Amino acid sequence: IEYRSDKISLTKMNHSFNSQETAYKTLRERDRSGLVLFTSGSSGEEKGVVHDLNSLYSGIINHKSQRVLVFLNFDHMGGLHTLFQVLKSRGVAITVSSRLPSFVLQRIQEQKVEVLPVTPSFLALTLAEGGDGLKNLCSLKVISYGGEVVSPFVLQEWRRICPKAILKQTYG
């Protein structure tokens, strides 16, 4: 599987295609749903990864129902994990029409968001923007982050702002 910003193509060029072909065959034989996610290429090579969607979903821990901000896109594992968690726990998915920190913080306060899955960059950007939005985030129980390196300073500041929230690295 070759992925570029302008196209996706299937070619039998190397061993990884045979692995993908075997994965597709196994899914079909077991009558299972499949999901193909394309990696970012951070390891130097972009690739498509075939997942058994049934296994991915069944592997999600069934937490109690919570109010979750759906911030991460569904084009990578972090966003899909968030969606699966909300569905499996019969939680409430709270969406945002803007990713500006001030808007997201306002939604957290208005909707009493309990779980905030974001990237470390967003956590840092929110701190840099500052303002009154950081003052009333007491509804947050879990702040999960991943996909990038996070600085100790950013984590310390978020611990100070939300002392009762659990800070949890969940992916990447």
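On a predicted model such as this, the values are computed, not experimentally measured, just so you know.

Engineer: Would you explain the overall build of the protein chain in this entry?
Structural biologist: Assigned secondary structure in the protein chain consists of six helices and nine strands. Taken over 172 residues, the protein chain has a buried fraction of 38%. Partitioning the intrachain contacts of the protein chain with sequence separation of at least 6 by distance along the chain shows that 60% fall at a separation of at least 24. Working note: accessible area of the protein chain is about 10500 Å², and carbon and sulfur atoms make up 53% of it.

Engineer: Looking at this model, I keep getting lost on the pattern of salt bridges. Mind explaining?
Structural biologist: Where charged atoms of side chains with opposite charge meet at close range, the side chains can pair. In this structure the tally under the stated criterion is five salt bridges. Where Glu114 meets Lys141, a salt bridge forms, and the shortest distance between an N and an O atom there is 2.8 Å. Of this pair, Glu114 sits in the loop between helix H4 (101-111) and strand E7 (115-118) while Lys141 sits in the loop between helix H5 (120-129) and strand E8 (142-146), and the two are 27 residues apart along the sequence. A relative accessible area of 13% places Glu114 in the buried class. Relative accessible area serves as the criterion here: at 34%, Lys141 is assigned to the partly exposed category.

Engineer: So what exactly am I meant to see when it comes to the nonpolar core here?
Structural biologist: Burial of nonpolar side chains together is a common tendency in soluble globular proteins. Counting residues in hydrophobic clusters, the biggest one holds 26 residues, and the most contacted among them are Ile108, Leu137, Leu140, Ile143, Trp158 and Cys162. Elements with a minimum of two residues in this core: H4, E7, H5, E8 and helix H6 (152-161). In terms of residue count, the dominant contributor to this core is H6 (four residues). If near-sequence neighbours (up to four positions away) are discounted, Trp158 is found in contact with Leu105, Leu123, Thr126, Leu127, Leu134, Leu137, Ile143 and Leu167.

The rules we used
- Residues numbered from 1 in each chain as written.
- Predicted model: local features only at pLDDT ≥ 70, side-chain atom pairs only at ≥ 80, totals over all residues.
- Heavy atoms only, no water.
- Helix = DSSP H or I, 4+ residues; strand = E, 2+ residues; numbered from the N terminus.
- Buried < 20%, exposed > 50% of the residue type's maximum accessible area, 1.4 Å probe, protein only.
- Contact = heavy atoms within 4.5 Å.
- Areas by Shrake-Rupley, 256 points an atom, 1.4 Å probe, with all protein chains shown as cover.
- Salt bridge = Lys/Arg side-chain N within 4 Å of Asp/Glu carboxyl O.
- Core = buried A, V, L, I, M, F, W, Y, C linked by side-chain atoms within 4.5 Å.

In short, the description is geometric, and any link to function would need to be established separately.
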